[in-house]
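Residue-level structural notes
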Amino acid sequence: MSAESKNKKPFVYLVGAGPGRADLITVRGANAIAAADCIIADKLANPALLKFARPDAEIVPVPKRIGPGSFTQDAVNRILLEKAAPGRIVVRLKGGDPCIFGRAGEELAVLKEHGIEFEIVPGITAAVAAGAYAGIILTDRDYASQIAFITGHEAEEKEQSAINWKALADFAGTLVFYMGMSNLAEIADRLIQNGLTPDTPAAVIQSATFPGQRIAMAPLSDIDNRCKAEKIGPPAIVVIGRAADADNALNWFMRKPLFGKTILVTRDVPGNAAFAAKIIRRGGSPVEFATIKIRPLTDSAEFIKTLAQFSKYHWIIFTSVNGVTTFFDALYALGKDARAFASAKVAAIGSRTAAHLADFGIKADFVPTVFTGRQLAAQLIARENLQDKRILLLRSRLASSDLPDVLREAAAEVADVPIYTADPANADPAPLFEQITTGRINWLTFASPSSARIFFEQISPETVNASKALVASVGPVTTDCLEGLGVRVDLTAAEHTIDGLLDAIEGAC
Ligand code: SAH
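Only a predicted model underlies this, so the values are computations on that prediction, with no experimental measurement involved. (Residues numbered from 1 in each chain as written. Predicted model: local features only at pLDDT ≥ 70, side-chain atom pairs only at ≥ 80, totals over all residues. Heavy atoms only, no water.)

Moving on, we get to the nonpolar core. Within the largest apolar cluster, 26 residues are counted, with the highest numbers of intra-cluster contacts made by Ile316, Phe318, Phe327, Phe328, Phe341, Leu357 and Leu394. If you list the elements that add at least two residues to this core, you get helix 10 (301–308), strand 14 (315–318), helix 11 (321–333), strand 15 (345–348), helix 12 (351–359), strand 16 (390–396) and strand 17 (413–424). In terms of residues, this core owes the most to one element, helix 11, which gives 5 residues. Among residues more than four places away in sequence, those in contact with Phe341 are Phe310, Ile316, Phe318, Phe327, Phe328, Val346 and Ile362. (Core = buried A, V, L, I, M, F, W, Y, C linked by side-chain atoms within 4.5 Å. Buried < 20%, exposed > 50% of the residue type's maximum accessible area, 1.4 Å probe, protein only. Helix = DSSP H or I, 4+ residues; strand = E, 2+ residues; numbered from the N terminus. Contact = heavy atoms within 4.5 Å.)

See below:
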């Protein structure tokens, strides 16, 4: 503990993690996790949320089931007191909203009793998330101007039940049951016995907001059978009332093209983040694993000399977004700008690279129709005579020799100047190994040979080949590399970009 924090009091954030999907936590919740020395996390809270945590934060998982014979609430309270030492920030992370069936009362009472300061950060509760992610409108002025959140746990405790079943049966609105799956038949019976019509619509949403979200819809009298037949179980939300008779066309989430697919991305950290955002937009669930770290080589004597003679080149060729970024960072650092290109023509290997050049004010003079080095060279040669033309390649040190080889065959004078390289990122492969071997990942994607090589130094080709996961590659160069490593490649994108890769996966789903 630092000297500064010694005198400080502990502080506890009771944070609602939201229903599951990691980016459905609030900004305040994520900030609290980022500030925490210790995170006491419910199983119901998505472990992916820990990506917001500091690397040195202590993580204390507590089981989801709290009750007699398992983990007791007392045990959680004890952990809370033990971890909330002076000067420490503790996050108590709970699924959904902490104050909706979250036993917040007990934990807050303990904090109050010990004079520990706290803040409650609300979360999106499961009922609200399940409605949104199933296209079920929980209140609608035409059919439901009220809504009730009910625990389904008490249905069996007939004697002490605090639930007024008659009032619920008469309730002219939407009934939403939490924890209702083990008593679903009982819940339906009691409502029907108390006068709710058996054909009242009911919907059960399992694992709302997760890639594995599932829905069953049936009349109330049949909903339990339907769930059993479709093997729909907890965690699930039960919606009863006209709202449950939802229009399938509003089920935007499950209708997305990559819905239900978990896709591994294996680039560097910023590349993975951009790729993951595209997967999420298409309804898939990304798993990010950084294989490489980009390291600029722009302080090399070779690069600095190249830049001094920049105006002598007829063509300057960029083969990746990373190359463009690295080059302009170095150019600007030297107090220069796009005018350095003067009369040189510029080629980009693909549409993304060209778009990134445009961000810096350079319009590519040439982009091949197929985004590989070999095609770029062949198409450039077909377009003009390159004999004795001076061509500068600004690319990764690890790039293949296809592009310079073909250009040199056409008698061009080629300077192949590495401006960055990819070092291993050394991420821990153990959690990923488990996800692959247990079949939780549907697709492994590779966007460059360097990330493929480094990935398969950490996880063996045999592990992947023996798993259910399919392998998708961005283009033929990456595919050759993968096959050379002994990996079975299931798909090579026709357009060699990240979007092209996702189009291809979508087509194969
Ligand atoms: N505090 C939580 C509820 C905890 S009680 C909240 O506000 O959401 C646990 C119950 O929440 C489960 O039995 C289930 O009914 C519901 N639940 C939690 N997450 C869910 C999810 N992703 N999909 C469906 N139901 C969920």
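That covers the picture; the talk isn't over yet.
This brings us to the sheet that holds strand 4 (residues 89–94). Pairing is parallel across the open sheet formed by 5 strands, whose spatial order is 3-2-4-1-5. At either margin of the open sheet sits one strand with a lone partner, and together these are strand 3 (58–62) and strand 5 (117–121). For this sheet the average axis-to-axis angle between neighbouring strands, irrespective of direction, equals 15°. With 6 bridges joining them, strand 1 (residues 11–16) and strand 4 adopt parallel strand pairing. (Pairing = 2+ DSSP bridges. Axes fitted to C-alpha atoms, helices over the stretch in contact; angles between N-to-C directions.)

This brings us to the pattern of salt bridges. The full count for this structure, using the stated rule, is 26 salt bridges. Arg54 serves as the salt-bridge partner of Asp37, at 3.0 Å between the closest nitrogen and oxygen. One end of the pair, Asp37, is in the loop between helix 2 (27–35) and strand 2 (38–42); the other, Arg54, is in the loop between strand 2 and strand 3, with 17 residues separating them in the sequence. Three or more residues are tied together by salt bridges with common partners; here these are Lys278, Arg282, Asp499, Asp503 and Glu506. (Salt bridge = Lys/Arg side-chain N within 4 Å of Asp/Glu carboxyl O.)

Residue Pro235 is bonded to the preceding Pro234 through a cis peptide linkage, with omega at -5°. The topology assignment puts Pro235 in the loop between helix 8 (223–229) and strand 10 (236–240). Here the phi dihedral of Ala342 falls at roughly 40°; this positive angle occurs in a residue that is not glycine. Among the secondary structure elements, Ala342 is positioned in the loop between helix 11 and strand 15.

This part covers the site of the ligand. Around the ligand sit 18 residues, and of these Asp97, Ile100, Thr125, Ala208 and Ala236 come closest. At a separation of 2.8 Å, an oxygen atom of the ligand approaches a polar backbone atom of Met179. The contact in question runs from a nitrogen atom of the ligand to an N or O atom on the backbone of Ala208, over 2.8 Å. Coverage of the ligand by the protein amounts to 92% of the 550 Å² it exposes when considered alone. Residue classes in the shell around the ligand are distributed as 13 nonpolar, 4 polar and 1 charged. Each of domain 1 (10–124) and domain 2 (127–250) accounts for three or more of the residues forming the shell around the ligand. (Near = heavy atom within 4 Å. Polar contact = N/O pair within 3.5 Å; in protein donor to acceptor, adjacent residues only side chain to side chain. Areas by Shrake-Rupley, 256 points an atom, 1.4 Å probe, with all protein chains shown as cover. Nonpolar A, V, L, I, M, F, W, Y, C, P; charged D, E, K, R; others polar. Domains from an automatic or database assignment.)

Don't take any of this as a statement about function, it's just geometry.
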